Amino acid sequence: MSARTTLADQIVAAAEKRLESANAAFARRYPGESGRRQPVHTVYGGAHLFHSDSAARLGALALHALAEFAPGPEALASVLGLARPLADMIYPRVVEKLRREPIEDFRIDFEDGYGNRPDAEEDGHAIAASREVAAGLAAGTLPPAIGIRIKPFTGELSRRSFRTLDVFLTQLIGDTGGRLPEDFVVTLAKVTVPEQVAALSDLLEALEGSLGLPEGSLHSEIMVETPQAIVSERGAIALLRIVEAGRGRCRAAHFGTYDYTASLAITAAHQHMAHPSCDFARDTMQVALAGTGVWVSDGATNILPIPPHRQAERTLTGREVAENREAVHAAWKLHYRHVRRSLERGYYQGWDLHPAQLPTRYAALYAFFLEGLDAASARLKNFVEKAGQATLVGEVFDDAATGQGLLNFFLRAWNCGAITETEALEKSGLTLEELSGRSFLRILKARRK
């Protein structure tokens, strides 16, 4: 039977033309996942404390805490409520990660973790921290991603922030002969209006020109720590406009739990990661930036796994040892719950404030990925098979976003150390080339050929 139509060709052509520019604009604004490796966390520390080997030092402290307060899989299972077989899988992977790559992203802090100091002192610390980055770059001791956090662009602090950025980068480029660390980023604190992000982009562009850096090589991130970064003065969602003011330089938006809740007059006793106001802000961030390729990162747990009693010149009593263990275990349980909660809500990055939080960061990640591995494996293999069948017969497969999401599960699990390369290939059913390509669409195109 022949199909009959009513619409004239010129009507169809006009509709296509109307859609063409709109669809193109949508694709530019929402390009999807960037394909870059997103760190699972950002660890930050005051600029005055940074050294070229800080990552290794923090890893050693994390291993010491794990050995003291959870010296094996059984102990870790008891603390975190894990099934013993899962703990047996997780524990050696956590130890290996802490030895090999304890920090994925580090932020040298000139803001809350540093404070306000005399100009000469901050200049000196900017120079010293920059030299340490240059030394770490030469020695290969820097984490995979690193950057600096500068003070907010407020009337009181903007000039100081400009100067710190200038001093740090001028010293760094001078010491390295024009070389930047692989994933270097400048984080702007307490953003409230798009003009602050635009001003940072102006400064980064000017520094690239003056220091002889390639155009677009300096990237930025923003801290979402105020309600004005979520909802504008007109009642609209503000975040996308703020990010777009970066003119393509802004790579991530980090949620600041405690400044945000404080700005809403929530008392200190109730300022925590699971507060409903934080859920609203994170959900809004997620919706506003979905599909843009800009990462979202959760905040930090501020109850730290620090023993209340320190062994100095005397031996601790049995009661003190028990109190130390109870304090660390309680903080670990809270941090583990917070990280798992973030992962379940689609936040794959967060902030860590203390080296003893690293064991529970990776334990939570590895439990999350290993528990979901078999189900994701079956779904991805089935999905690739169905997609391949569709493309082979000339059909349009229009659910590539789901396929990319399943692929991203394996990429994230592999990158953070939850699964090995061999496990990633076996469970995904993909080749190393396909998995490393990080694109579900490219996999389909290649298999169609």
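The following refers to the structure shown.

1. What to know about the side chain of Ser 342
1) Next: Structurally, Ser 342 is set in helix H11 (residues 318–344).
2) Next: Those residues within four positions of Ser 342 in sequence are excluded, and the remaining contacts are Met 273, Asp 298 and Tyr 347.

2. What to know about the nonpolar core
1) Next: Core analysis: the largest hydrophobic core is formed by 115 residues, its most contacted members being Leu 82, Ile 90, Ile 108, Phe 168, Leu 169 and Ile 222.
2) Next: Ranked by the residues each element gives to this core, the list is headed by helix H12 (residues 358–371), at 10 residues.
3) Next: Beyond its immediate sequence surroundings of up to four residues, Ile 108 is in contact with Gly 45, Ala 47, Phe 50, Ala 129, Val 133, Ile 146, Gly 147, Ile 148, Arg 149 and Phe 168.

3. Describing the pairing of strand S1 (residues 41–46)
1) Next: Most of S1 sits out of view: five of its six residues are buried.
2) Next: Sheet topology places S1 next to strand S8 (residues 350–352); three bridges connect them, and they run parallel. Bridge pairing in S8 links His 41 to Gly 350.
3) Next: Relative to strand S2 (residues 105–109), S1 runs parallel, the two being bridged by four bridges. The partner of Gly 45 across the bridge, within S2, is Ile 108.

4. Quick word on helix H5 (residues 119–139)
1) Next: The first and last C-alpha atoms of H5 sit 30 Å apart over 21 residues, in line with the 30 Å expected at 1.5 Å per residue.
2) Next: Buried within H5 we find Glu 122, Asp 123, His 125, Ala 126, Ala 129, Ser 130, Val 133, Ala 134, Gly 136 and Leu 137.
3) Next: Where H5 is buried, its residues touch S2, strand S3 (145–150) and helix H6 (158–176).
4) Next: Gly 140 lies just past H5 and shows a positive phi near 75°.

5. Focus on the environment of Arg 149
1) Next: Positionally, Arg 149 belongs in strand S3.
2) Next: Between the C-alpha atom of Arg 149 and that of Ala 77, which follows or precedes it by 72 residues, the distance is 36 Å.
3) Next: Once residues within four sequence positions are removed from consideration, Arg 149 is found in contact with Tyr 44, Arg 107, Ile 108, Asp 109, Phe 110, Glu 111, Asp 112, Gly 113, Thr 187, Ala 189, Met 223 and Trp 351.
4) Next: Among the polar contacts listed, one links the side chain of Arg 149 to the side chain of Asp 109, at a separation of 2.7 Å.
5) Next: Within the structure, the side chain of Arg 149 is placed 3.5 Å from the side chain of Glu 111, a separation counted as a polar contact.

6. A look at the sheet that holds strand S6 (residues 250–255)
1) Next: Pairing is parallel in the open sheet, where eight strands are placed in the order S7-S6-S5-S4-S3-S2-S1-S8. Here the strands that pair on one side only, and so sit at the sheet edges, are strand S7 (295–297) and S8. The average undirected angle you get between the axes of adjacent strands in this sheet is 30°.
2) Next: Pairing analysis gives five bridges linking S2 to S3, with the strands arranged parallel. Within S3, the residue paired with Asp 105 across the bridge is Ala 145.

7. Topic: the pattern of salt bridges
1) Next: Under the counting rule described, the total for this entry stands at 37 salt bridges.
2) Next: Close ionic contact of Asp 123 with Arg 163 constitutes a salt bridge, the shortest N to O distance being 2.9 Å. Taken together, the positions of Asp 123 in helix H5 and Arg 163 in helix H6 put the pair 40 residues apart, joining distant regions of the chain.
3) Next: For Asp 123, a relative accessible area of 14% puts it in the buried group.
4) Next: The residue Asp 298 makes a salt bridge to Arg 282 at a minimum N-O spacing of 3.1 Å. Of this pair, Asp 298 sits in the loop between S7 and H11 while Arg 282 sits in helix H10 (residues 276–289), and the two are 16 residues apart along the sequence. Accessibility classification places Asp 298 together with Arg 282 in one group, the buried group.
5) Next: A single salt-bridge network, built from bridges that share partners, covers Asp 109, Glu 111, Asp 112, Arg 149, Lys 190, Glu 225 and Asp 259.

8. Observations regarding the packing of helix H3 (residues 73–80) against helix H4 (residues 84–100)
1) Next: Closest axis-to-axis distance for the H3/H4 pair is 8 Å, and the angle between their directions is 120°. As summarised for this structure, H3 and H4 are arranged oblique, according to the angle between their axes. H3 and H4 meet at a crossing whose hand is right-handed. Between H3, through Pro 73, Glu 74, Leu 76 and Ala 77, and H4, the contact on the second element is made entirely by Arg 84, Ala 87, Asp 88, Ile 90 and Tyr 91.
2) Next: Of the residues in the contact of H3 with H4, the class split is six nonpolar, no polar and three charged.

9. Some words on the environment of Phe 368
1) Next: By secondary structure assignment, the location of Phe 368 is in helix H12.
2) Next: Considered as a pair, Phe 368 and Ala 413 are 45 residues apart in the sequence and their alpha carbons are 9.1 Å apart.
3) Next: Setting aside its immediate chain neighbours within four residues, Phe 368 contacts Arg 340, Leu 343, Glu 344 and Tyr 348.

10. Things to note about unusual backbone geometry
Residues apart from glycine generally show negative phi values, whereas peptide bonds are mostly found in trans.
1) Next: The phi dihedral of Lys 190 falls on the positive side, at around 50°, and the residue is not glycine.
2) Next: Phi is positive for Arg 247, close to 55°, though the residue is something other than glycine.
3) Next: With respect to the secondary-structure elements, Arg 247 resides in the loop between helix H8 (239–244) and S6.
4) Next: On the basis of relative accessibility, which here comes to 44%, the residue Arg 247 falls in the partly exposed class.

11. Side note on the packing of aromatic side chains
1) Next: What the rule picks out here adds up to 13 aromatic pairs.
2) Next: The interplanar angle of 75° and the centroid separation of 5.2 Å between the aromatic rings of Phe 368 and Phe 369 together place this pair among those described as edge-to-face.
3) Next: Residue classification places Phe 368 among the buried residues on the basis of a relative accessible area of 16%.
4) Next: A connected cluster of aromatic rings, assembled from ring pairs, spans Tyr 348, Phe 368, Phe 369, Phe 409 and Phe 410.
5) Next: Note that Arg 36 overlies the ring of Trp 295, its terminal NZ or CZ placed 4.1 Å from the centroid.
6) Next: Lying across the ring of Tyr 114, Arg 117 places its NZ or CZ 4.3 Å from the centre.

Calculation rules
Residues numbered from 1 in each chain as written. Predicted model: local features only at pLDDT ≥ 70, side-chain atom pairs only at ≥ 80, totals over all residues. Heavy atoms only, no water. Helix = DSSP H or I, 4+ residues; strand = E, 2+ residues; numbered from the N terminus. Contact = heavy atoms within 4.5 Å. Core = buried A, V, L, I, M, F, W, Y, C linked by side-chain atoms within 4.5 Å. Buried < 20%, exposed > 50% of the residue type's maximum accessible area, 1.4 Å probe, protein only. Pairing = 2+ DSSP bridges. Expected span 1.5 Å × (residues − 1). Polar contact = N/O pair within 3.5 Å; in protein donor to acceptor, adjacent residues only side chain to side chain. Axes fitted to C-alpha atoms, helices over the stretch in contact; angles between N-to-C directions. Salt bridge = Lys/Arg side-chain N within 4 Å of Asp/Glu carboxyl O. Parallel < 35°, antiparallel > 145°, perpendicular 65-115°, else oblique. Left-handed = near helix turned anticlockwise from the far one by under 90°. Nonpolar A, V, L, I, M, F, W, Y, C, P; charged D, E, K, R; others polar. Phe/Tyr/Trp six-rings, centres within 6.5 Å; stacked < 30°, edge-to-face > 60°. Lys NZ or Arg CZ within 6 Å of the ring centre and 35° of its normal.

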